Amino acid sequence: GASLQTENLWVKCDQCGASRSMAQAFGTAGEQNLPRCRGRHAHLDDRWDEDCDDPAKAVLLGATNSWFPIKLSALAIPVGASPLQQLLLDGAEYFDDAESEAEVKGTLKALKRSGGLPGIENFEAAEIWAAIEAKRAGDDGDDDSQADIKGPEWRVLTDPNPPSDWPDFLSEKVDTPPRFKDAFSRVLLLPRLREVNALLGFTRVEAPEEDAAEEDRTPMAQLSRGAADWVPAGEVRGEGIFIQFDEEALATWSKRDSVIARQELLLRGHRGWRMSRQLTPDTNFAGVRYAMIHTLSHLLIRELALECGYNAASIRERIYARVDGEDKQAGLLIYTAAADSDGTLGGLVDLGKPESFGRLLRQALHRASICSSDPLCADHNPAKDRSLHAAACHACSFVSETACELQNRYLDRALV
């Protein structure tokens, strides 16, 4: 046909002459015409032990919903009490089997020659062996839970004396912009940062809901036939700006009638969104604290992208907004991470200094006060269209999905 629309694409048998339009594989017609699932995993060249009888769904080649990666990311932050202990954690595969100082000496010599563990050359074999023995004597095997990746990050970022010069982590405390001293308790510059991303699996048709309960999540397709003891991962290096909110100011803000009203508005949209997907309506609500911090993060990303030299798609965020338990969190980390040296040019950190950061914050808030899509954007009611954002749109608050940790959900300019 004249175009590549499915109505103009036909499959024809050269032998018998039978033909059918590709349009009959999509939509309601597809539900009636396509065969049931046969339990095959084409990417594994395998099939389930039992045949699957679920309906099949046609997806255009190259469509964005053909697969959604399920990833896990973590910052490489110092968790040891000293640089040597951190190096032993980073290079566990080199030293875990060491039985004597002589073995450590041989391993150290090989590492100095290969450069496999930068920084280890600053220590002698005797020091390393003593640290290994001390670690083994005090090792109770109780590591931080994998489910709480942000907890250790938060403790390091909010430490009164954060690690200042480590191989993969360099921090510098700076003054809070004068106008925002009542709102922020800390601004931390991170000229050196490393992020590790691991691919755990993927989903098709429906995007994974990382914050959903396990029984509500879209089934994940595995990467291997059996239980995997490793997954593809990569590390990227960059720089960032960390902001910690003042907990007392945030508690006062959250008790305002206007904030409570916006929270109820977002909650109604959250319930409608989950009910439309046949999920439990009153669970996994991110909360008004998260929505406010998340929105401010997006506003800052858009503002920083105009001046820092990086495009908006290469700037990322990590939101810390836990309210349960004693260790409450309220902060955000805006950082850039690239596979090469482009992520560490210094343009982002330079804008985190008080004289520049205060100006950028004021500009971001000013731009957010009016949107070119107002009044449609400002008056948006998430309960009506069962969405997860209120006063937010592509013209004012949305950022690239590579930058947002929650796919542009739970945003509301009115909270900021």
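Residues numbered from 1 in each chain as written. Predicted model: local features only at pLDDT ≥ 70, side-chain atom pairs only at ≥ 80, totals over all residues. Heavy atoms only, no water.

## Let's talk about unusual backbone geometry
Keep this limit in mind: Labels follow the DSSP assignment, with helices taken as runs of H or I lasting at least four residues and strands as runs of E lasting at least two, numbered in each case from the N terminus.
Backbone torsion omega between aspartate 374 and proline 375 reads 5°, so that peptide bond is classified as cis. Here asparagine 408, not a glycine, exhibits a phi torsion of approximately 60°, which is positive. Of note, asparagine 408 is situated in the segment after α12 (382–385).

## Considering the pairing of strand β7 (residues 169–174)
Inclusion rule: What makes two strands pair is DSSP finding at least two bridges between them.
For strand β6 (residues 165–166) and β7, the ladder comprises two bridges, and the chain directions are antiparallel. Bridged to aspartate 165 within β7 is leucine 170. The antiparallel pairing of β6 with β7 creates a hairpin that spans two residues between the two strands. Relative to strand β8 (residues 184–203), β7 runs antiparallel, the two sharing four bridges. Bridge pairing in β8 places leucine 170 opposite arginine 192.

## Observations regarding the packing of aromatic side chains
We apply this condition: Centre distance within 6.5 Å is the pairing criterion for rings of Phe, Tyr and Trp, where only the six-membered ring of Trp is used; planes under 30 degrees apart are then read as stacked, over 60 as edge-to-face, and the remainder as tilted. Only protein chains enter the accessibility calculation, which uses a 1.4 Å probe; a residue whose area is less than 20% of its type maximum is buried, one above 50% is exposed, and one in between is partly exposed.
Applying the stated criterion to the full structure yields seven aromatic pairs. Seen from their ring centres, phenylalanine 184 and phenylalanine 245 are 5.1 Å apart, and the 85° between their planes marks the pair as edge-to-face. In this pair, phenylalanine 184 sits in strand β8 while phenylalanine 245 sits in strand β9 (residues 233–245), placing the two residues 61 residues apart along the sequence. Here the two residues phenylalanine 184 and phenylalanine 245 agree in accessibility, since each one is buried. Cluster of aromatic residues (ring-pair linked, three or more members): Trp154, Phe242 and Tyr320.

## Topic: the packing of helix α7 (residues 247–254) against helix α9 (residues 288–305)
Rules: A fitted line through C-alpha atoms serves as each axis, taken over the contacting stretch for helices, and the angle formed by two N-to-C directions is quoted from 0 to 180°. We call two directions roughly parallel when the angle between them is under 35 degrees, roughly antiparallel when it is over 145, roughly perpendicular when it lies between 65 and 115, and oblique otherwise. Each crossing is labelled by how the near helix is turned from the far one, with a counterclockwise turn of less than a right angle marking it left-handed and a clockwise turn marking it right-handed. Any two residues having at least one pair of non-hydrogen atoms within 4.5 Å are treated as being in contact. Under this grouping Gly is polar, as are all residues other than the nonpolar Ala, Val, Leu, Ile, Met, Phe, Trp, Tyr, Cys and Pro and the charged Asp, Glu, Lys and Arg.
Orientation of α7 relative to α9, taken along the N-to-C sense of each, is 115°, at an axis distance of 11 Å. Relative to α9, the element α7 lies roughly perpendicular. α9 is crossed by α7, and the crossing has right-handed handedness. Every residue of α9 that contacts α7 at Glu247, Leu250 and Trp253 is listed here: Val288, Arg289 and Met292. Grouping the amino acids of the contact of α7 with α9 by side-chain chemistry returns four nonpolar, no polar and two charged.

## Quick word on a nonpolar patch on the surface
To be explicit about the condition: What makes a patch is a set of residues exposed beyond 30% relative accessible area and free of salt bridges, joined within 9 Å when like-charged and within 5 Å when nonpolar (Val, Leu, Ile, Met, Phe, Trp, Tyr). Here, Shrake-Rupley sampling with a 1.4 Å probe gives the accessible areas, and only protein chains in the shown set may cover a residue. Here, a salt bridge means any side-chain nitrogen of Lys or Arg that lies within 4 Å of a carboxyl oxygen of Asp or Glu.
Side chains of Leu72, Leu200, Met220, Leu223 and Val231 sit close together on the surface and give an oily, nonpolar patch of about 330 Å² of accessible area. By the element assignment, leucine 223 lies in the loop between β8 and β9. Here leucine 223 falls in the partly exposed class, since its relative accessible area comes to 30%.

## Focus on a negative patch on the surface
Applicable threshold: Note on charges: Lys and Arg go in the positive column, Asp and Glu in the negative column, and His and the chain ends are not counted at all. Positions of charges follow a simple convention, taking NZ of Lys, CZ of Arg, CG of Asp or CD of Glu.
On the surface, a cluster of negative charge is contributed by Asp90, Glu93, Asp96, Asp97, Glu99 and Glu103. Judged by relative accessible area, glutamate 99 falls into the exposed class, the value being 59%.

## Details of the environment of lysine 112
Among the secondary structure elements, lysine 112 is positioned in helix α4 (residues 101–114). Given a relative accessible area of 45%, lysine 112 falls into the partly exposed group. The spacing of lysine 112 and asparagine 122 is ten residues in sequence and 9.7 Å in space, taken between C-alpha atoms.

## Regarding the side chain of histidine 270
Mapped onto the elements of the fold, histidine 270 is located in helix α8 (residues 257–276). Residue classification places histidine 270 among the buried positions, given a relative accessible area of 1%. The residues contacting histidine 270, other than those within four sequence positions of it, are Pro281, Thr283, Asn284, Phe285, Ser387, Leu388 and Tyr410.

## Regarding the confidence of the model for the protein chain
Here is the rule: A residue's pLDDT is the confidence the predictor assigns to it, expressed on a 0 to 100 scale.
Summarising the model, the protein chain shows a mean pLDDT of 85, and 91% of its residues fall at 70 or more. Of all secondary-structure elements in the protein chain, the lowest mean pLDDT belongs to β6, at 72, while α9 reaches the highest, 94. Ignoring residues within four places in sequence, the model shows residues 140–146, a span with pLDDT below 50, making two contacts including any to other chains.

## Section: the pattern of salt bridges
The tally for this structure, following the rule as stated, stands at 13 salt bridges. We note a salt bridge from arginine 367 to glutamate 303, for which the minimum N-O separation is 2.7 Å. Residue arginine 367 is located in helix α11 (residues 354–369), and its partner glutamate 303 is located in helix α9; the two are separated by 64 residues in the primary sequence. Residue arginine 359 is joined to glutamate 307 by a salt bridge in which the shortest nitrogen-to-oxygen separation is 3.0 Å. Of the two residues, arginine 359 is situated in helix α11 and glutamate 307 in the loop between α9 and β10 (315–320); the sequence distance between them amounts to 52 residues. Note on arginine 359: relative accessible area 29%, which makes it partly exposed. For glutamate 307, a relative accessible area of 36% corresponds to the partly exposed category. Salt bridges linked by common partners bring Arg194, Glu235 and Arg237 together as one network.

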